[in-house]
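Chain residues, written in single-letter form:
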Amino acid sequence: MRRPHALIDNSLSALVEGYTWLPARRARSASGVAHTRVLGQRAVGLCGPDAARFFYDEDHVRRHTAIPWPVQNTLFGRRAVHTLDGDRHRRRKSIFLTVVNRHTARTLADGVGTSWDDAAASWEPGRPVVLFDEAARVLTRAVCRWAGVPLADAQVPVVARDLVAMVDGFATPGPRHWRARAARGRREAWLGNLVTQVRDGALSVPAGSALAAVSAHREVDGEELSPRLAAVELLNVIRPTVAVCWFVAYAGHALHRWPEHRQSLRDGDRDFALAFAHELRRFYPFAPFIGGRAVRELTWHRDRIPKHAMVLLDLWGHNHDERLWGDPFAFRPERFLGRDIGPFELVPQGAGDPETNHRCPGEPLTVAILRTLAVRLAQTDYTVPEQDMTISLRRVPARPKSGFVLVPTGTASHSS
Ligand code: HEM
């Protein structure tokens, strides 16, 4: 059994190296397991479908105390569903699982399509549009309407900016981090206030909406969520839905780099659009890894994981593993055509079963939105001006540097 010691803290390297940090550490060991320290704690990095099964077993790894405060204060909110285990986790998770299903995903995607059409109608030929920013506003308008959150059109840009800031600043110190914290403070106060109004009967809200669900939710002890915590979980629906703008910008990038995919999307080929959405989520960088804490001393194959060590599951490495994907750095939507995807196969949003573990409950929303907007984008006539669309793997979360600028040349017809 390997017992590495005298490990140097790697927090700075992780911040500087970004997506390749964990794969590079794993590559240095014969077992493919990284032994390191982050934030002053022992950390063990694993990768692959079997490692994901091991990681998602609550008898091995739990989330309580595993999510660092800088991430809670920006991305997830304090004491959010991400930090819970066992019955308390499943009870809280039920909010998301009732709000998100195939039917509601379709409704949201239709709303996103309409919001995109409204925005596109205002585009002037020859005037540049930053796809990332425009998609954030399109998604903010649609998801707030879908979630039962009243939002005047004039407020959309400022709310969109805050929701993007919370995601953009979670993995970095400095100004981006502080912008994220300020944005979270503002948005928790706003939504907490709405929850109070719903409970007082001062605001009526559509049954089944996310705002109705967080307002009515009871924890395992029968207590309702405080307005702040209800706002945290409502933000955990709205914020990541707006974050799909990262993948919309990536869609622009992919259609530019590989224009051969445009025609199938333009024709409204729904199967191809679905495969395209999956390949976007596999190929492009978003969440580098996820983490939990070893509940006891564990052994993974021949590697020892000390009790209470951080256990990191390498999502980026998994989605770019040659053995799983063959030519993983080629963008090939066809790999997802005409087949089902296993629960531990494609892992940009976690693995396993979202009903029972921490896997993202928002995948149906993400995929439905991307399927809709990839078609809309391909059906839009535009040119792509000179710009810096570099995607640095050192920046977490990564994004095309320019946000992907397009210049509309006219209106296009929609056939989706
Ligand atoms: C941009 C697209 C998205 C990405 C890349 C993404 C990624 C992830 C990842 C990596 C996790 C952690 C899984 C784990 O720890 O096991 C997660 C959890 C979560 N996601 Fe997403 N997600 C996205 C969209 C969404 C959407 C649209 C929603 C809306 C409902 C959502 C809601 C959540 C929630 C509530 C959790 C916590 C689940 C739990 O702890 O049980 N996400 N997501």
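For every chain, the first residue of its written sequence is number 1, and the numbers climb from 1 along that sequence. Only residues with pLDDT of 70 or above have their local features reported here, since the model is predicted, and side-chain atom pairs are shown and tallied only from 80 upward, although totals for entire chains, interfaces and linings are computed over all residues.

**Quick look at the overall build of the protein chain**
Phase 1: Per the convention used, a helix needs a DSSP run of H or I reaching at least four residues, while a strand needs a run of E reaching at least two, with both numbered from the N terminus. Each helix and strand in the protein chain was counted, giving 17 helices and 10 strands.
Phase 2: To get the radius of gyration, use the C-alpha atoms; to get the globule rule, take the number of residues to the power 0.38 and multiply by 2.2 Å. Against the globule reference of 22 Å for 416 residues, the protein chain gives a C-alpha radius of gyration of 21 Å, in line with a compact fold.
Phase 3: Three exposure classes are used. Buried residues have 20 or more other C-beta atoms within 10 Å of their own C-beta, exposed residues have 12 or fewer, and partly exposed residues fall in between, all C-beta atoms being placed from the backbone. The buried share of the protein chain, taken over its 416 residues, is 46%.
Phase 4: The contact rule is simple: place each C-beta atom from the backbone, and if two of them lie within 7 Å, those residues are in contact. Looking at the protein chain alone, contacts between residues at least 24 apart form 71% of all its contacts between residues at least 6 apart.

**Let's talk about the site of the ligand**
Phase 1: Only the C-beta atom, placed from the backbone, is used; a residue is near a molecule or strand if that atom lies within 6 Å of it. Near the ligand, the surroundings consist of 26 residues, among which P240, G350, H358, C360 and G362 are the closest.
Phase 2: With four residues, helix α11 (residues 227-242) is the largest single contributor of residues to the shell around the ligand.
Phase 3: Residue classes follow a fixed rule: Ala, Val, Leu, Ile, Met, Phe, Trp, Tyr, Cys and Pro count as nonpolar, while Asp, Glu, Lys and Arg count as charged, and any other residue, Gly among them, counts as polar. Taken together, the residues that form the shell around the ligand break down as 16 nonpolar, eight polar and two charged.

**A closer look at the packing of helix α7 (residues 131-147) against helix α12 (residues 244-257)**
The angle between the axes and the distance between the axes are what describe a pair of packed helices.
Phase 1: Lines fitted to C-alpha atoms define the axes, with helix axes restricted to the stretch in contact, and inter-axis angles between N-to-C directions lie between 0 and 180 degrees. Taken N-terminus to C-terminus, the directions of α7 and α12 make an angle of 140°; their axes are 8 Å apart at the nearest point. In terms of orientation, α7 lies oblique with respect to α12. Once α7 is placed against α12, the crossing between them reads as right-handed. Note on element contacts: α12 touches α7 through V244, C245, V248, A249 and G252, opposite L131, F132, A135, A136 and L139.
Phase 2: Residue composition of the contact of α7 with α12, by class: nine nonpolar, one polar and no charged. The scheme is simple: roughly parallel for angles under 35 degrees, roughly antiparallel for over 145, roughly perpendicular for 65 to 115, oblique for anything else. The crossing is said to be left-handed when, going from far helix to near helix, the turn is anticlockwise and less than a right angle, and right-handed when the turn is clockwise.

**A look at the nonpolar core**
Phase 1: To define a nonpolar core, we join buried Ala, Val, Leu, Ile, Met, Phe, Trp, Tyr and Cys residues through C-beta atoms within 7 Å and take the resulting set. One finds L234, V242, C245, A251 and A374 to be the most contacted residues of the largest nonpolar core, which totals 123 residues.
Phase 2: For this core, the leading source of residues is α7, giving 11 residues.
Phase 3: Residues contacting C245, with those up to four places away along its chain left out, are F132, A135, A136, L139 and V164.

**A short note on the UniProt feature "binding site: heme" (unreviewed entry) in the protein chain**
Phase 1: UniProt positions are given in the numbering used here, feature names are shortened, and annotations may be inferred rather than shown by experiment. UniProt's feature table lists "binding site: heme" (unreviewed entry) at C360, given in the numbering used throughout.
Phase 2: With respect to the secondary-structure elements, C360 resides in the loop between α16 (322-325) and α17 (363-378).
Phase 3: Residues contacting C360, with those up to four places away along its chain left out, are Q349, G350 and P354.

**Quick notes on the sheet that holds strand β5 (residues 289-294)**
Phase 1: Only strands joined by at least two bridges in the DSSP assignment are considered to pair. Strand order across the open sheet formed by five strands is β1-β2-β8-β5-β3, with mixed pairing between neighbours. Both outer strands of the open sheet, β1 (34-38) and β3 (61-62), are each paired with one neighbouring strand and no more.
Phase 2: Bridge count for β5 against strand β8 (residues 310-314) is five bridges, and the pairing is antiparallel. Within β8, the residue paired with I290 across the bridge is L313.

**A few points about the sheet that holds strand β4 (residues 129-130)**
Phase 1: In space, the three strands of this open sheet follow the order β4-β10-β9, with antiparallel pairing throughout. Looking along the sheet, the strands with just one partner apiece sit at the ends: β4 and β9 (382-383).
Phase 2: Inspection of the sheet shows β9 paired to strand β10 (residues 405-408) by two bridges, in the antiparallel sense. What sits directly across from Y382, in β10, is P408.

**A look at the packing of helix α9 (residues 175-200) against α11**
Phase 1: Their axes nearest at 8 Å, the elements α9 and α11 cross at an angle of 110°. The orientation of α9 relative to α11 falls into the category roughly perpendicular. As α9 packs across α11, the resulting crossing turns out to be right-handed. Here α9 contributes R187, E188, L191, G192, V195 and T196 to the contact with α11, which in turn contributes P227, R228, A230, A231, V232, L234 and L235.
Phase 2: Residue classes in the contact of α9 with α11 are distributed as eight nonpolar, two polar and three charged.

**A short note on unusual backbone geometry**
Phase 1: Of note, the bond from V396 into P397 is cis; its omega dihedral lies within 30 degrees of zero at -5°.
Phase 2: Checked against the element boundaries, P397 lands in the loop between β9 and β10.
Phase 3: Phi is positive for L39, close to 50°, though the residue is something other than glycine.
Phase 4: Along the polypeptide, L39 turns up in the loop between β1 and β2 (41-46).
Phase 5: Positive phi outside glycine occurs at H308, with the angle close to 70°.
Phase 6: Within the element layout of this structure, H308 appears in the loop between β7 (303-305) and β8.
Phase 7: C-beta crowding within 10 Å serves as the criterion here: with 14 such atoms nearby, H308 is assigned to the partly exposed category.

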